[in-house]
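# Observations on the model geometry
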Amino acid sequence: MRVNGTCHCGAITIEGEVDPETATICHCTDCQTSTGSAFRVSIRAPGATLRMNGRPATYLKTTANSGNPRVQAFCPTCGSPIYSTSPGEHPRPSYTLRVGILRQRDQLVPKRQIWTRSARPWVAHIGDIPHSELSTVPVSEPRR
Ligand SMILES: [Zn+2]
Ligand SMILES: [Zn+2]
(Lines give C-alpha, C1' and ligand atoms only; values in the text may rest on other atoms or scores of the structure.)
(Ligands and ions follow the chains in the order given, each with its own letter.)
Protein backbone atom coordinates (compact mmCIF):
# COMPACT_ATOMS: atom_id res chain seq x y z
CA MET A 1 0.00 0.00 0.00
CA ARG A 2 1.31 3.42 -1.01
CA VAL A 3 1.50 5.94 1.84
CA ASN A 4 2.73 9.47 2.29
CA GLY A 5 3.02 11.88 5.14
CA THR A 6 4.59 14.92 6.65
CA CYS A 7 5.89 16.07 9.99
CA HIS A 8 3.91 18.61 11.98
CA CYS A 9 5.72 21.66 10.56
CA GLY A 10 5.96 20.37 6.99
CA ALA A 11 9.79 20.47 6.73
CA ILE A 12 9.94 16.73 6.07
CA THR A 13 7.75 14.75 3.72
CA ILE A 14 7.99 11.04 3.14
CA GLU A 15 6.39 8.45 0.90
CA GLY A 16 6.80 4.73 0.48
CA GLU A 17 5.21 1.32 0.20
CA VAL A 18 4.01 -0.37 3.41
CA ASP A 19 2.48 -3.72 4.25
CA PRO A 20 -0.64 -2.90 6.34
CA GLU A 21 -0.24 -6.26 8.13
CA THR A 22 2.91 -4.92 9.83
CA ALA A 23 1.16 -2.08 11.68
CA THR A 24 2.26 -2.56 15.28
CA ILE A 25 1.74 -0.92 18.65
CA CYS A 26 4.91 -0.87 20.73
CA HIS A 27 4.62 -0.40 24.48
CA CYS A 28 8.37 -0.47 25.22
CA THR A 29 9.80 2.17 27.53
CA ASP A 30 12.02 3.55 24.71
CA CYS A 31 8.89 4.29 22.68
CA GLN A 32 7.12 5.79 25.69
CA THR A 33 10.03 8.15 26.35
CA SER A 34 10.79 9.16 22.78
CA THR A 35 7.15 9.79 21.86
CA GLY A 36 6.34 11.45 25.18
CA SER A 37 3.25 9.25 25.15
CA ALA A 38 2.00 5.82 26.24
CA PHE A 39 2.90 3.81 23.14
CA ARG A 40 3.98 4.12 19.52
CA VAL A 41 2.29 2.88 16.32
CA SER A 42 4.66 1.98 13.48
CA ILE A 43 4.69 0.19 10.13
CA ARG A 44 7.43 -1.32 7.98
CA ALA A 45 8.55 0.11 4.63
CA PRO A 46 11.31 -1.36 2.46
CA GLY A 47 14.08 1.23 2.03
CA ALA A 48 14.03 0.88 -1.76
CA THR A 49 10.46 2.26 -1.85
CA LEU A 50 11.14 5.28 0.34
CA ARG A 51 11.31 8.86 -0.95
CA MET A 52 11.95 11.73 1.40
CA ASN A 53 12.18 15.51 1.19
CA GLY A 54 13.95 17.36 3.97
CA ARG A 55 16.63 16.05 6.26
CA PRO A 56 15.63 14.46 9.56
CA ALA A 57 17.87 14.68 12.60
CA THR A 58 18.94 11.28 13.88
CA TYR A 59 19.74 9.81 17.24
CA LEU A 60 21.45 6.45 17.65
CA LYS A 61 20.11 4.48 20.58
CA THR A 62 22.72 1.80 21.25
CA THR A 63 20.93 0.10 24.11
CA ALA A 64 17.37 -0.12 22.78
CA ASN A 65 14.92 -2.40 24.62
CA SER A 66 15.25 -4.81 21.70
CA GLY A 67 19.03 -5.09 22.26
CA ASN A 68 19.71 -3.90 18.69
CA PRO A 69 21.12 -0.44 17.96
CA ARG A 70 18.42 1.68 16.30
CA VAL A 71 18.62 5.00 14.53
CA GLN A 72 15.70 7.24 15.48
CA ALA A 73 14.89 9.97 12.93
CA PHE A 74 12.82 13.02 13.76
CA CYS A 75 12.18 16.50 12.41
CA PRO A 76 14.86 18.88 13.73
CA THR A 77 12.36 21.76 13.67
CA CYS A 78 9.15 20.38 15.15
CA GLY A 79 10.36 17.12 16.73
CA SER A 80 7.86 14.82 15.01
CA PRO A 81 9.17 11.23 14.96
CA ILE A 82 9.60 10.09 11.33
CA TYR A 83 11.07 6.56 11.37
CA SER A 84 13.60 4.22 12.92
CA THR A 85 16.04 1.98 11.09
CA SER A 86 19.27 0.07 11.51
CA PRO A 87 22.58 2.00 11.49
CA GLY A 88 24.33 2.35 8.11
CA GLU A 89 24.14 4.12 4.81
CA HIS A 90 20.89 5.26 3.22
CA PRO A 91 18.93 3.42 1.97
CA ARG A 92 18.88 0.67 4.59
CA PRO A 93 16.87 -2.47 3.77
CA SER A 94 13.93 -1.60 6.01
CA TYR A 95 12.47 1.45 7.75
CA THR A 96 9.85 1.54 10.48
CA LEU A 97 7.62 4.54 9.77
CA ARG A 98 5.64 6.34 12.45
CA VAL A 99 1.98 5.90 11.56
CA GLY A 100 0.95 9.21 13.16
CA ILE A 101 2.68 11.19 10.40
CA LEU A 102 1.00 9.27 7.54
CA ARG A 103 -2.06 10.63 5.74
CA GLN A 104 -3.46 7.09 5.43
CA ARG A 105 -3.36 6.46 9.20
CA ASP A 106 -7.13 5.83 9.36
CA GLN A 107 -6.56 2.71 7.24
CA LEU A 108 -3.51 1.49 9.13
CA VAL A 109 -5.12 -0.38 12.00
CA PRO A 110 -2.56 -2.05 14.27
CA LYS A 111 -2.41 -5.82 13.88
CA ARG A 112 -0.32 -6.61 17.00
CA GLN A 113 1.03 -5.17 20.23
CA ILE A 114 4.55 -5.78 21.47
CA TRP A 115 6.36 -5.13 24.76
CA THR A 116 3.07 -5.27 26.65
CA ARG A 117 5.16 -6.12 29.72
CA SER A 118 5.80 -2.36 30.06
CA ALA A 119 2.38 -1.20 28.81
CA ARG A 120 0.67 1.44 30.92
CA PRO A 121 -2.01 -0.52 32.77
CA TRP A 122 -4.81 1.87 31.67
CA VAL A 123 -4.34 1.42 27.91
CA ALA A 124 -6.34 -1.82 27.89
CA HIS A 125 -9.34 0.12 29.26
CA ILE A 126 -8.94 3.42 27.43
CA GLY A 127 -12.61 3.38 26.38
CA ASP A 128 -13.61 3.55 30.06
CA ILE A 129 -11.87 6.91 30.53
CA PRO A 130 -14.32 9.83 30.24
CA HIS A 131 -13.98 11.18 26.73
CA SER A 132 -15.19 13.83 24.29
CA GLU A 133 -15.19 14.12 20.50
CA LEU A 134 -13.58 17.53 20.93
CA SER A 135 -11.18 18.90 23.48
CA THR A 136 -13.10 19.25 26.71
CA VAL A 137 -14.23 16.77 29.28
CA PRO A 138 -15.22 18.28 32.63
CA VAL A 139 -12.74 17.34 35.32
CA SER A 140 -14.69 15.62 38.06
CA GLU A 141 -14.67 17.42 41.39
CA PRO A 142 -12.63 15.74 44.08
CA ARG A 143 -14.88 13.73 46.36
CA ARG A 144 -15.32 14.95 49.90
ZN1 LIG B 1 8.75 19.30 11.25
ZN1 LIG C 1 9.14 0.37 21.29
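Here's a quick rundown of the structure. Every chain begins its residue count from 1, and numbering advances along the sequence as written. Chains carry letters and ligands carry numbers; both start at the beginning, A for chains and 1 for ligands, and go up in the order they are written. The predicted nature of this model means local features are confined to residues of pLDDT at least 70 and side-chain atom pairs, given and counted, to a pLDDT of 80 or more, with totals for whole chains, interfaces and linings taken over all residues. For the side-chain quantities, the full set of heavy atoms in the structure was used; hydrogens and water were omitted.

### A look at the coordination of the zinc ion (ligand 2)
Coordinating N, O and S atoms are those within 2.8 Å of the metal (3.2 Å for Na, K and Ca), and as water is not part of the atoms, a site may appear to have fewer donors than expected. For the zinc ion (ligand 2), the protein coordination sphere consists of C26 (SG), C28 (SG) and C31 (SG), at 2.1 to 2.2 Å. Read in sequence order, the donor residues for the zinc ion (ligand 2) give the motif C-x1-C-x2-C. Of the two residues, C28 and C31, both sit in the buried class. Exposure is judged per residue with a 1.4 Å probe applied to protein chains only, and the accessible area is read against the type maximum: over 50% gives exposed, under 20% gives buried, and values in between give partly exposed.

### Focus: the coordination of the zinc ion (ligand 1)
Within the first shell, the zinc ion (ligand 1) binds the protein through C7 (SG), C9 (SG), C75 (SG) and C78 (SG), at distances of 2.3 to 2.4 Å. Between the 4 donor atoms coordinating the zinc ion (ligand 1), the angles at the centre fall across 107 to 114°, so the site counts as tetrahedral. Written as a sequence motif, the donor arrangement for the zinc ion (ligand 1) is C-x1-C-x65-C-x2-C. Taking relative accessible area as the criterion, C75 reaches 1% and is therefore assigned buried. Every angle between 85 and 135 degrees makes a four-donor site tetrahedral, while opposite donors more than 155 degrees apart, with all other angles between 65 and 115, make a four-donor site square planar and a six-donor site octahedral; other sites are irregular.

### Description of the layout of surface pockets
Definitions used for this entry: grid spacing 1 Å over protein atoms alone; cavity, a set of points where a 1.4 Å probe fits but cannot get out; pocket, an open set with protein on both sides within 12 Å along at least 5 of 7 lines; lining residue, one with an atom within 4 Å of a point. Grid points are joined across faces, edges and corners, and a volume is the space filled by probe spheres set on the points. A volume near 730 Å³ is recorded for the largest pocket. If you trace the largest pocket, you find 32 residues lining it, with C26, C31, R70, S84 and R98 closest to the centre. A run of DSSP states H or I qualifies as a helix once it reaches four residues; a run of E qualifies as a strand once it reaches two. Both are numbered from the N-terminal end. Of all the elements in the fold, those that place two or more residues in the lining of the largest pocket are β3 (24–26), α1 (29–35), β4 (40–46), β6 (57–61), β7 (70–74), β8 (81–85), β9 (94–98) and β10 (112–114). Here the element with the most residues in the lining of the largest pocket is α1; it accounts for 5 residues. Tallied by class, residues from the lining of the largest pocket come to 10 nonpolar, 15 polar and 7 charged. Estimated volume of the second largest pocket: approximately 240 Å³. Just so you know the grouping, Ala, Val, Leu, Ile, Met, Phe, Trp, Tyr, Cys and Pro go in nonpolar, Asp, Glu, Lys and Arg go in charged, and all remaining residues, Gly too, go in polar.

### Section: the sheet that holds β7
Strand order across the open sheet formed by 7 strands is β6-β7-β8-β9-β4-β3-β10, with mixed pairing between neighbours. Every interior strand has two partners, whereas the edge strands, β6 and β10, have only one. Strand-to-strand, the axes of this sheet are offset by a mean angle of 30°, without reference to chain direction. In short, DSSP must find at least two bridges between two strands for them to pair. One ladder, built from 3 bridges, connects β8 with β9; its direction is antiparallel. Residue pairing across strands places T85 opposite Y95, the latter belonging to β9. For helices, the fitted line uses only the C-alpha atoms of the stretch in contact; every axis is such a line through C-alpha atoms, and the angle between N-to-C directions lies from 0 to 180 degrees.

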